[in-house]
2 protein chains.
Amino acid sequence: MSEGPASPRTEVKRLPARGRYDRETIDAILDEAFVCHVGFVIDGRPRVIPTTYARAGDTLYVHGSPASAMLRSLKRGVDCCVTVTLIDGLVLARSAFHHSVNYRCVVVYGTATEVRDPEQKMEAMRLLVEHIVPGRWDDTRWPTAKELTATTVLALDLNEASAKVRTGHPVDDDEDYALPHWAGILPLVTTAGEPERDTTGSPAGEPVVPDYVRRYRRP
Amino acid sequence: MSEGPASPRTEVKRLPARGRYDRETIDAILDEAFVCHVGFVIDGRPRVIPTTYARAGDTLYVHGSPASAMLRSLKRGVDCCVTVTLIDGLVLARSAFHHSVNYRCVVVYGTATEVRDPEQKMEAMRLLVEHIVPGRWDDTRWPTAKELTATTVLALDLNEASAKVRTGHPVDDDEDYALPHWAGILPLVTTAGEPERDTTGSPAGEPVVPDYVRRYRRP
């Protein structure tokens, strides 16, 4: 497991001290978040689309409709850039200039390949559901062969990934520490609210919220 | 104010019913979020970088170090795509296939222009601070001429923007509504935690947390 960048474009050039190349850091960010922003080029122009993903080992999976312009582009093997960002807090410095944000982000470069084997697709679907709501897969009606056909699944290798992380308090200029402005961190936390049951169609299930929903939290 | 897409690439093609082209919807999303993902092309390859932004009228501002590869690329007037995403909740359907996410996202296409006038740059810096922490600007040491020089500010017009929004409960296949699985929405909410004061350098200020920090919430 290398501690340095896997390729020149993977190297964090701005504020290199924030760069992280170990897979433990990268995996922890990928496992906590579940939305990525996928960048690709169409007609020479960039496009950035948010989507969910799942990770299994060295592979990132994304999925969607075969009609999706993003998936149709990526499955042709074009370069993509997948970025995952977690915002941990606002960093309030004494100077406006040194205001910042505490964040953890992962940038993955590569070319995706389509997962065509139905068993592998089913496993990717399971991973995608379980990554977002652990415990949910066994409490759903699983995909049919027709639904698998109606889903494009792409796999992206994580070998060209890097992370960038900012933590801690603001860093002001020496002479500014004497200023009277409050300075510090305002943490931001994403939590689950009250589950809202869908009562459409006289549902057969108990109105009891499953444990994995009631106690939902990201790792 | 047009209710249709401003250009072909701005049109939401997948699930067109989720497309929104009115500026009210677009502005509300841009004003609630404060992190965007900027996509651009370097050597023919896509790159996606998270950064903060602010909106004023028809203009989106991003800023950063003049050494930033992103800002150096964008200020040359290359095409970019700026995507802003808010995640509102997890949508748990009876079928794995119909699981979804409630989200609101804005995609802006265009070419950025550099803001060079010091007064305009100062105003953009104010907007960037005030967008993220309303009330903060007047409680900071403002940028010096040197700091303004050490900041690149770019402006992007919002005339080629669209939004995509999913709300509400899962939509399952008719025959699945009889299944016993709990279905519904698990709302996700981002809130501010306990402010952590930076006590570095024997700060002169009172340890009282300002109101705009203590009562922080996104619009």
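Residues numbered from 1 in each chain as written. Chains lettered and ligands numbered in written order. Predicted model: local features only at pLDDT ≥ 70, side-chain atom pairs only at ≥ 80, totals over all residues. Heavy atoms only, no water.

*Asks:* It is not clear to me how the overall build of chain A should be interpreted in this structure. Could you clarify?
*Replies:* Looking only at helices and strands, one finds five helices and 12 strands in chain A. In terms of overall dimensions, chain A has a C-alpha envelope of 65 × 45 × 35 Å along the principal axes. Per-residue burial over chain A gives 53% buried out of 219 residues. Expressed as a percentage of contacts within chain A between residues at least 6 apart in sequence, the contacts between residues at least 24 apart total 70%. Carbon and sulfur atoms make up 52% of the accessible area of chain A, which totals about 9,800 Å². Placing the 27 positive and 31 negative side-chain charges of chain A at their respective mean positions leaves the two points 5 Å apart. (Helix = DSSP H or I, 4+ residues; strand = E, 2+ residues; numbered from the N terminus. Buried < 20%, exposed > 50% of the residue type's maximum accessible area, 1.4 Å probe, protein only. Contact = heavy atoms within 4.5 Å. Areas by Shrake-Rupley, 256 points an atom, 1.4 Å probe, with all protein chains shown as cover. Lys, Arg positive; Asp, Glu negative; His and termini not counted. Charge placed at Lys NZ, Arg CZ, Asp CG, Glu CD.)

*Asks:* Help me understand the relation of the copies chain B and chain A, please; the structure alone is not making it clear to me.
*Replies:* Each of the two chain copies can be brought onto the other by rotation about an axis and movement along it. Rotating chain B by 180 degrees about the axis while translating it 0.0 Å along that axis superimposes it on chain A, leaving an RMSD of 0.0 Å. On the angle and the small slide along the axis, the relation comes out as a two-fold axis. Minimal C-alpha separation from the rotation axis in chain B is found for T190 of chain B, amounting to 2.0 Å. In this assembly, 100% of the residues forming the interface of chain B have copies in chain A that are likewise at the interface, indicating an isologous arrangement. (Least-squares fit on C-alpha atoms with pLDDT ≥ 70 in both.)

*Asks:* Looking at this structure, how should I read the confidence of the model for chain A?
*Replies:* As a general rule, the predicted coordinates of low-pLDDT regions are not to be interpreted in detail. Of the residues in chain A, 96% have a pLDDT of 70 or more, and the chain-wide mean is 94. Prediction confidence for the complex, expressed as pTM and ipTM, is 0.95 and 0.95 respectively. (pLDDT = per-residue confidence, 0-100.)

*Asks:* What is the right way to read the pattern of salt bridges from this model?
*Replies:* Inspection of the entire model under this criterion finds 40 salt bridges over all chains. Here R9 of chain A and E160 of chain A are joined by a salt bridge, their closest N and O atoms 2.7 Å apart. Here R9 of chain A is found in the segment before β1 (19–20), whereas its partner E160 of chain A is found in the loop between β9 (152–157) and β10 (161–166), with 151 residues between them in sequence. Since its relative accessible area comes to 16%, E160 of chain A is described here as buried. One salt bridge connects D27 of chain B with R55 of chain B, and the closest N-O pair in it is separated by 3.2 Å. Taken together, the positions of D27 of chain B in helix α1 (residues 23–32) and R55 of chain B in strand β4 (residues 54–56) put the pair 28 residues apart, joining distant regions of the chain. The class of D27 of chain B is buried, set by a relative accessible area of 14%. (Salt bridge = Lys/Arg side-chain N within 4 Å of Asp/Glu carboxyl O.)

*Asks:* In this structure, what is going on with the nonpolar core? I would like to understand it.
*Replies:* A general tendency of soluble globular proteins is for nonpolar side chains to be buried together. By size, the foremost hydrophobic cluster in this structure holds 38 residues, and its most contacted members are F34, L90 and Y216 of chain A together with F34, L90 and Y216 of chain B. Secondary-structure elements contributing two or more residues to this core are β6 (79–92), β7 (100–111), β11 (184–192) and α5 (211–214) of chain A together with β6 (79–92), β7 (100–111), β11 (184–192) and α5 (211–214) of chain B. Apart from residues no more than four positions distant in its own chain, F34 of chain A is found in contact with T51, T52, Y53, H131, I132, Y216 and R218 of chain A together with I87, L90, V101 and L188 of chain B. (Core = buried A, V, L, I, M, F, W, Y, C linked by side-chain atoms within 4.5 Å.)

*Asks:* Is there a simple way to explain unusual backbone geometry in this structure?
*Replies:* Of all residues except glycine, most have a negative phi; of all peptide bonds, most are trans. Even without a glycine there, the phi angle at D43 of chain A is positive, about 55 degrees. Among the structural elements, D43 of chain A can be located in the loop between β2 (35–42) and β3 (45–52). Classification of D43 of chain A by relative accessible area gives exposed; the value is 74%. Even without being a glycine, L15 of chain B presents a positive backbone phi close to 50 degrees. For L15 of chain B, the position within the fold is in the segment before β1 (19–20). By relative accessible area, L15 of chain B is classed as partly exposed at 36%.

*Asks:* Can you walk me through the sheet that holds strand β8 (residues 113–115) of chain B in this structure?
*Replies:* Each strand in a sheet pairs with its neighbour through backbone hydrogen bonds, running either in the same direction (parallel) or in the opposite one (antiparallel). Residue and element names in this part refer to chain B. Ordered in space as β4-β5-β9-β8, the four strands form an open sheet in which the pairing is antiparallel. On the outer flanks of this sheet lie β4 and β8, each paired with one strand and no other. Here the strands of the sheet are splayed against their neighbours by 35 degrees on average, with no regard to which way each runs. Two strands pair when backbone bridges link them, and β8 and strand β9 (residues 152–157) are joined in this way by three bridges, in the antiparallel orientation. Its bridge partner being in β9, T113 is matched across the sheet by A155. Lying over the sheet, helix α3 (residues 118–132) contacts β4, β5 (59–64), β8 and β9, oriented at roughly 95 degrees with respect to β5. (Pairing = 2+ DSSP bridges. Axes fitted to C-alpha atoms, helices over the stretch in contact; angles between N-to-C directions.)

*Asks:* I would appreciate a short explanation of the environment of D176 of chain B in the present structure.
*Replies:* Tracing the chain through its elements places D176 of chain B in the loop between β10 (161–166) and β11. Separated by 146 residues in sequence, D176 of chain B and L30 of chain B place their C-alpha atoms 37 Å apart. Ignoring anything within four residues of it in the chain, the contact list for D176 of chain B reads R141 of chain A together with R94 and S95 of chain B.

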